[in-house]
Structure formats: C-alpha cells, structure tokens
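Here is how the chains run, residue by residue.
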Amino acid sequence: MNWLKKIMIGRYGIDQLSIALLIVYLPFSLAAEVIRVNWLNLIALAPLAICYFRIFSRNIVKRREENRKFLVWWYPFKSWFNRNFSRIKDIKDHRYFQCPSCKQKVRVPKGKGNIRITCPKCRTQFVKRT
Ligand SMILES: [Zn+2]
C-alpha cells in the first residue's frame, strides 16, 4: 500500500461529495446494465469520472469549497432522514402526537393509558391514549 500513499501525497482524497457521487453512480450503472442502453452507461460514468477527478485533484482548496457547498445543500435532507430514522427506532417505547392548536409534535411514553399531555410549545392540554 506504500505506492498508494506515494500517489496520494498532495492530492485531495475522499470526502462526502465523492461518496455521494459514487452513490449516484451505482443505480445508473445498474440500470444501464439491466436495460442495456448505451447512453445511460455514459451518464452513469459521469459521476464516477468526477469522483475520480476530485479524489486525485491537487487543487485542495477548490475541492474543499465544493464539498462545503455540497454539505450545506445536503444538510436539510440529512437532518430530515435522521429525525425520521430516530423516530422509527423509538416507535417501540414512545408515541407521537400532534398538538391540536399549534401542530407541534409531542413525544410521550407508551403504555401509560389515557394521559393528559401538555404541549411544550403553547401549553395547550389534550388527552390521548398511549
Ligand atoms: Zn401546542
């Protein structure tokens, strides 16, 4: 692996944008193989080529700025996914209700019977079965 270290000296390497480009490449590549359309293969190769270009690029400042812009764009999707994924993990122990007046989502423990829930945002109280 010493040869790889020597090649990578002064080059940018892998970041989140490179990984995202690989993830974009995979379904296009699979689709191109399954339906056997040549131009789709060319489209599939574009993100892969950009990914390799970025990994071996020596313009580290520019690649870092591209990655920063990508992360700013990606953050809302990531936080939405994390929020919903943690809710799926939590579904065994908690229930989620929506406040009738302000639509705030409220998390309460499961298996407590009928409970009076106080909305943390607007202090409205409502009764729900957990
Ligand atoms: Zn409320």
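Please refer to the structure higher up on the page.
Before going into details, it helps to say that this report is about the structure given with it. As the structure is a prediction and not an experimental result, all values here were calculated from the model.

Tetrahedral coordination by four donors sets the ideal angle at the metal to 109.5 degrees; octahedral coordination by six donors sets it to 90 or 180 degrees. Surrounding the zinc ion are the protein donor atoms Cys99 (SG), Cys102 (SG), Cys119 (SG) and Cys122 (SG), at 2.2 to 2.3 Å. Taken together, the four donor atoms coordinating the zinc ion and their angles of 106 to 114° define a geometry best described as tetrahedral. Linear spacing of the donor residues for the zinc ion on their chain is C-x2-C-x16-C-x2-C. With Cys102 in the loop between strand 1 (94-98) and strand 2 (105-109) and Cys119 in the loop between strand 3 (114-118) and strand 4 (125-129), this residue pair connects regions lying 17 residues apart in the sequence.

Note that side chains of opposite charge can pair when their charged atoms are close. Using the criterion set out here, one finds five salt bridges in the structure. Taking the shortest distance from any N to any O, the salt bridge between Glu66 and Arg63 comes out at 3.0 Å. You can see Glu66 and its partner Arg63 sitting in helix 4 (residues 60-90), three residues apart, about one turn around the helix. The partly exposed category is assigned to Glu66, whose relative accessible area is 29%. The exposure class of Arg63 is buried, given its relative accessible area of 4%. Here Arg68 makes a salt bridge to Glu65, at a shortest N to O gap of 2.8 Å. Taken together, the residues Arg68 and Glu65, both in helix 4 and three residues apart, mark about one turn of the helix. Residues joined by salt bridges that share partners form a network here, namely Asp15, Arg54, Arg63 and Glu66.

On the secondary structure map, Gly10 appears in the loop between helix 1 (2-8) and helix 2 (16-35). Overall, the relative accessible area of 41% leaves Gly10 in the partly exposed class. On a C-alpha basis, the gap between Gly10 and Cys102 in space is 54 Å, while along the polypeptide they are 92 residues apart. Not counting residues up to four positions away in its chain, the partners in contact with Gly10 are Ser57, Arg58 and Ile60.

What follows is about the packing of helix 2 against helix 4. At a minimum axis separation of 8 Å, helix 2 and helix 4 run at an interaxial angle of 65°. Judged by the angle between their axes, helix 2 and helix 4 are roughly perpendicular. In contact with Gln16, Leu17 and Ala20 of helix 2, helix 4 contributes Glu66, Asn67, Phe70 and Leu71. The residue makeup of the contact of helix 2 with helix 4, split by class, is four nonpolar, two polar and one charged.

Attention now goes to unusual backbone geometry. Positive phi outside glycine occurs at Lys103, with the angle close to 65°. Relative to the helices and strands, Lys103 resides in the loop between strand 1 and strand 2. Even without being glycine, Arg123 reaches a positive phi, approximately 65°. Within the secondary structure, Arg123 sits in the loop between strand 3 and strand 4.

Reading the values: the criteria
- Residues numbered from 1 in each chain as written.
- Predicted model: local features only at pLDDT ≥ 70, side-chain atom pairs only at ≥ 80, totals over all residues.
- Heavy atoms only, no water.
- Donors = N, O, S within 2.8 Å, 3.2 Å for Na, K, Ca; no water.
- Tetrahedral: all angles 85-135°; square planar, octahedral: opposite > 155°, others 65-115°.
- Helix = DSSP H or I, 4+ residues; strand = E, 2+ residues; numbered from the N terminus.
- Salt bridge = Lys/Arg side-chain N within 4 Å of Asp/Glu carboxyl O.
- Buried < 20%, exposed > 50% of the residue type's maximum accessible area, 1.4 Å probe, protein only.
- Contact = heavy atoms within 4.5 Å.
- Axes fitted to C-alpha atoms, helices over the stretch in contact; angles between N-to-C directions.
- Parallel < 35°, antiparallel > 145°, perpendicular 65-115°, else oblique.
- Nonpolar A, V, L, I, M, F, W, Y, C, P; charged D, E, K, R; others polar.

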